[in-house]
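What the coordinates show
So the chains spell out like this:
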Amino acid sequence: MTFDERVELAARLLRLPLEEARDYSGIIPGSNDLYLSVPTRGGISLIVGEDGSVLRATSAMGFDQHYDAFRQGERTPLSYFD
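Computed from a predicted model, the values in this text were never measured in an experiment.

Observations regarding the sheet that holds strand β1 (residues 25-27)
With antiparallel pairing, the 4 strands of this open sheet are ordered in space as β1-β2-β3-β4. Every other strand in the sheet has two partners, leaving β1 and β4 (54-58) as the edge strands with one partner each. Here the average twist between neighbouring strands, direction ignored, is 20 degrees. Pairing of strand β3 (residues 44-48) with β4 involves 5 bridges; the strand directions are antiparallel. The residue of β4 that forms the bridge with V48 is V54. Contacts from helix α1 (residues 3-14) reach β1, β2 (34-37), β3 and β4, with the element oriented near 145 degrees to β3.

Remarks on the packing of aromatic side chains
Taken as a whole and judged by the stated rule, the model has 3 aromatic pairs. Aromatic pair F63 and Y67: ring centres 5.7 Å apart, planes at 15 degrees, arrangement stacked. Remark: Y67 and F63 occur in helix α3 (residues 63-71); sequence separation between them is 4 residues, near one turn of the helix. Given the relative accessible area of 32%, F63 is considered partly exposed. An aromatic cluster is defined as three or more aromatic residues linked by ring pairs; in this entry it consists of Y35, F63 and Y67. For R75, the ring lying beneath its charged end belongs to F70, and the centroid distance is 3.7 Å.

What counts, and at which threshold
Residues numbered from 1 in each chain as written. Predicted model: local features only at pLDDT ≥ 70, side-chain atom pairs only at ≥ 80, totals over all residues. Heavy atoms only, no water. Pairing = 2+ DSSP bridges. Helix = DSSP H or I, 4+ residues; strand = E, 2+ residues; numbered from the N terminus. Axes fitted to C-alpha atoms, helices over the stretch in contact; angles between N-to-C directions. Contact = heavy atoms within 4.5 Å. Phe/Tyr/Trp six-rings, centres within 6.5 Å; stacked < 30°, edge-to-face > 60°. Buried < 20%, exposed > 50% of the residue type's maximum accessible area, 1.4 Å probe, protein only. Lys NZ or Arg CZ within 6 Å of the ring centre and 35° of its normal.

Rendered as structure tokens:
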């Protein structure tokens, strides 16, 4: 998936306006994984891989723990967001 496709997927899954999702997104340095973090108290973070797989985390989980779990293969089923 392209960067834009991953931002669109994240926006849809988290029910965010596309422009907000773009503002909150970036590529994780040293990878091609997208990281989106909603900067509000209790905000949600989402990592989206090039293949469209995702891992959701609450604000209670720090970035390093979140990204380590993603690299170790943990994923959130897309059906979770329905």
